[in-house]
Amino acid sequence: MAKRPARGGNAGFSQPARALGYNRTSHFRQRVVKETLALDENIYQLRLEKLKQIEALGQPAYPTKFDFTHTLPQIWAEYDKPAEAMENPRVEVRVAGRIMAIRLMGKAGFAHLQQNGKQLQIYVKKDAVGEKGFELYKLLDLGDHVGVKGYLFRTRTGELSVHVEELTFLSKDLLPLPEKWHGLTDVELRYRQRYVDLFMNPEVREVFIQRSKLVQSLRRSLDARGFIEVETPMMQPIAGGAVARPFVTHHNTLDMDLFLRIAPELYLKRLVVGGLDRVYEINRNFRNEGISTRHNPEFTMLEFYQAYTDYRGVMDLTQQLIAQAAQDVTGGTVTKWGDSEIDWAEANWRRMTMREAIIHYWPETSGTKPALSDFASHDSVKSLVQRFNAGHAHVAYDPKEPAGKTIANLFEAAAESHLQQPTIIYEYPTAVSPLSKQKADEPDWTERWEIYAGQMEISNGFSELNDPVDQRRRFEGQLAERERGDDEAHQMDEDYIRALSYSMPPAGGVGIGIDRLCMLFTDSHTIRDVILFPLMRPEKTQEEPTEEK
RNA sequence: GGGCGCGUAGCUCAAUUGGCAGAGCAACUGACUCUUAAUCAGUAGGUUGAAGGUUCGAUUCCUUCCGCGCUCACCA
């Protein structure tokens, strides 16, 4: 492919920006912060003033540490018991957190501290904390961080609380918190200011904890089976291993264009050639394509390769990994998905070939179900599409494209929306599987499968093509597709063919979309709810009004 | 990229088929030593996303632009 000029945000920094010695992002951020402050200037200035008064009381504005005896979740785990259990002797604790609610009543007051997703009430009485301590309490705002020393007790209404004897200021919130009852609901603000979203919305925090558990579970399962974790290039001279449009970037010293990887696949298989029989990588892929509720330009993928097995071997393994992950993340096998449920127990998984799925889900409005022989020739596939389109939604059909590609489109149109429970679809057309090994008895079909759940594709695996001659032929076929106008078709990768030429053992390989699996496990119906900082357009600034076309 | 919808105070939302831009929370001042959406009294806070147009008069109607959401297409 010809060198592409570096464009816009995908490219390196512009000359002037580099000359000035800062990168675009931080420069931009400074401007945004400045504007936010302009809007909230009154509150910001007032709180800076309060911070000075706090310093005047002898408390550092930004102290370096606070020694605590318990986290707030630990307090709840250990002391959520009757009041008598905390008297004689009293339980002295030191805890810290962010103030999420505060109530002042003359010479005493209450506040709720939040830490690690849990809240605990504190009771601050002038008699107990002294003149200076109470002056400090009166200078506190919602959002501040404080530490307290005191003893546990239950209030008249029975709420576990800390009777504060010493109040330590830790950090000031200079910006107003979202409304305390409705919280932060504006989705744009939630994504742009995820830090606020995280401490205002406990369920958001929970999703990302579950995401962490998911990744942990997959690592643990693979490690236990002797896989080793590796890291392969994210910047690649040839973006291979998948069918997608890449991002382009540029290395200045070498003066070369590089692609952000669309998949780690070809590098991981080089490692299998190198004798790393079981490898995996969990990392980001980048695809320069549309953004939707199921697509983010960067997304996380687990890929693993196992030598001396085939697509059946990794099919079984993947099923086990996912069923185990569901258990580790949610504590059970059944997860909520909108108005229904998905059961990840292995007994509930179904398997069918792509051709069986098309036949099985063939819409009644499109007449008689196809027979297996209908998938055999270009002409019979063409008439299948015509029958399908006559009674159903439209499948785009290009008579010049390979029949296998048409069959894959037909499958998506006919079956995908039905695949709610975990289902393995296997045997994919060779035309859409340039890296998979063909079936021994049917060269038009490959030993490849994908897993569907919740109407989404979440995993893809196959017997790895390790015949370098065949691989070269497949790449050449892809180049022909590229000539035909498909700029997503796979590029030639000579070094990869050279690697295969050194002999790669038979192997099965798998990719699992972590974001989508996380969506399914957490009942999140947009990928942005499982990505901490989803890609957004930059915020508009007044200094740099958006140019009009 | 196409279609539909939304954008009003820091946050959550009103504003009568075009007629003085409002409330709650947050903030500020004061009262209150077991409150918990604390309460009570008062104060302040806005270029209604931006620009243009129609009109005596626009948050409201029209056009363009910006941002976001949903959806379709492409993709995982």
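Residues numbered from 1 in each chain as written. Chains lettered and ligands numbered in written order. Predicted model: local features only at pLDDT ≥ 70, side-chain atom pairs only at ≥ 80, totals over all residues. Heavy atoms only, no water.

### Some remarks on the overall build of chain A
- A count of helical and extended segments in chain A gives 16 helices and 18 strands.
- Projected onto the principal axes, the alpha-carbon positions of chain A cover approximately 90 × 60 × 50 Å.
- Here chain A holds 549 residues, and the buried ones make up 48% of them.
- Counting 69 positive and 79 negative side-chain charges, chain A places the averaged centre of each group 4 Å from the other. (Helix = DSSP H or I, 4+ residues; strand = E, 2+ residues; numbered from the N terminus. Buried < 20%, exposed > 50% of the residue type's maximum accessible area, 1.4 Å probe, protein only. Lys, Arg positive; Asp, Glu negative; His and termini not counted. Charge placed at Lys NZ, Arg CZ, Asp CG, Glu CD.)

### Here we look at helix H13 (residues 403-414)
- A rise of 1.5 Å per residue sets the reference length of H13, with its 12 residues, at 16 Å; its end C-alpha atoms lie 16 Å apart and thus fit the reference within 8%.
- Looking only at H13, the buried set comprises Ala 403, Gly 404, Thr 406, Ile 407, Ala 408, Leu 410, Phe 411 and Ala 414.
- Turning to H13, the residues buried within the fold contact helix H11 (354-360), helix H12 (378-391), strand E15 (423-429) and strand E16 (445-453). (Expected span 1.5 Å × (residues − 1). Contact = heavy atoms within 4.5 Å.)

### What to know about the sheet that holds strand E7 (residues 235-236)
- Judged by pairing direction, the sheet is antiparallel, and its 3 strands sit side by side in the order E7-E9-E8 without closing on themselves. Each having just a single partner strand, E7 and strand E8 (248-251) make up the two edges of the open sheet.
- In this structure, E8 lies alongside strand E9 (residues 256-260), joined through 4 bridges in antiparallel fashion. What sits directly across from Thr 249, in E9, is Leu 258. (Pairing = 2+ DSSP bridges.)

### A word on unusual backbone geometry
- The residue after Asn 88, namely Pro 89, is reached through a cis peptide bond having omega -5°.
- Residue position: Pro 89 is located in the loop between helix H4 (72-79) and strand E1 (92-105).
- Residue Asn 88 is not a glycine yet carries a positive backbone phi of 45°.
- Here Asn 88 is to be found in the loop between H4 and E1.
- The exposure class of Asn 88 is exposed, given its relative accessible area of 77%.
- Positive phi outside glycine occurs at Gln 455, with the angle close to 65°.
- Relative to the assigned elements, Gln 455 resides in the loop between E16 and strand E17 (456-463).
- What makes Gln 455 partly exposed here is its relative accessible area of 21%.

### What to know about the side chain of Thr 300
- Structurally, Thr 300 is set in strand E11 (residues 298-307).
- Within the local environment of Thr 300, its side chain forms a polar contact with the side chain of Arg 211, the two groups lying 3.2 Å apart.
- Once residues within four sequence positions are removed from consideration, Thr 300 is found in contact with Arg 211, Ile 282, Asn 283, Arg 284, Ile 512, Gly 513, Ile 514 and Asp 515. (Polar contact = N/O pair within 3.5 Å; in protein donor to acceptor, adjacent residues only side chain to side chain.)

### Considerations on a nonpolar patch on the surface
- A cluster of nonpolar side chains, Tyr 195, Leu 532 and Phe 533, forms an exposed patch at the surface whose accessible area comes to about 330 Å².
- For Tyr 195, the location among the structural elements is in helix H7 (residues 194-200). (Patch = residues over 30% accessible without salt bridge, like charges linked within 9 Å, V, L, I, M, F, W, Y side chains within 5 Å. Areas by Shrake-Rupley, 256 points an atom, 1.4 Å probe, with all protein chains shown as cover. Salt bridge = Lys/Arg side-chain N within 4 Å of Asp/Glu carboxyl O.)

### A look at the side chain of Gln 319
- Within the secondary structure layout, Gln 319 lies in helix H10 (residues 311-330).
- Of the polar contacts made by the side chain of Gln 319, one reaches the side chain of Glu 346; its length is 3.0 Å.
- Setting aside chain neighbours within four positions, we find Gln 319 in contact with Glu 346, Trp 349, Arg 351 and Ile 424.

### Notes on the sheet that holds strand E14 (residues 350-353)
- The mixed open sheet is built from 8 strands, whose spatial order is E6-E10-E11-E18-E17-E16-E15-E14. Each edge of the open sheet is held by one strand with a lone partner, namely strand E6 (228-229) and E14.
- With 6 bridges joining them, E16 and E17 adopt antiparallel strand pairing. Residue pairing in the sheet places Ile 451 in a bridge with Ser 459 of E17.

### Things to note about the packing of helix H8 (residues 202-224) against helix H16 (residues 514-522)
- For the pair H8 and H16, interaxial distance at closest approach is 10 Å and the crossing angle is 120°. Considering the angle they form, H8 stands oblique to H16. Of the two possible hands of crossing, H8 and H16 adopt the one that is right-handed. Across the interface between the two elements, Val 207, Gln 210, Arg 211, Leu 214, Val 215 and Leu 218 of H8 pack against Ile 514, Asp 515, Leu 517, Cys 518, Phe 521 and Thr 522 of H16.
- Broken down by class, the residue content of the contact of H8 with H16 amounts to 8 nonpolar, 2 polar and 2 charged. (Axes fitted to C-alpha atoms, helices over the stretch in contact; angles between N-to-C directions. Parallel < 35°, antiparallel > 145°, perpendicular 65-115°, else oblique. Left-handed = near helix turned anticlockwise from the far one by under 90°. Nonpolar A, V, L, I, M, F, W, Y, C, P; charged D, E, K, R; others polar.)

### Quick notes on the protein's contact with RNA strand B
- Near RNA strand B you find 53 residues, and of these Thr 157, Lys 180, His 295, Arg 516 and Arg 528 are the closest.
- Within 4 Å of the protein, the atoms of RNA strand B are drawn from sugar and phosphate moieties in a proportion of 59%.
- Note that a base nitrogen of RNA strand B is positioned 3.3 Å from one of the backbone N or O atoms of Gly 106.
- Residue Asp 127 places a side-chain N or O atom 2.5 Å away from a base oxygen belonging to RNA strand B.
- Secondary-structure elements contributing two or more residues to the surface near RNA strand B are helix H3 (41-56), E1, strand E2 (108-115), strand E3 (118-125) and helix H6 (187-192).
- Top element by residues in the surface near RNA strand B is H6. It accounts for 5 residues.
- Of the residues belonging to the surface near RNA strand B, the class tally is 16 nonpolar, 12 polar and 25 charged. (Near = heavy atom within 4 Å.)

In short, geometric facts, not functional conclusions.
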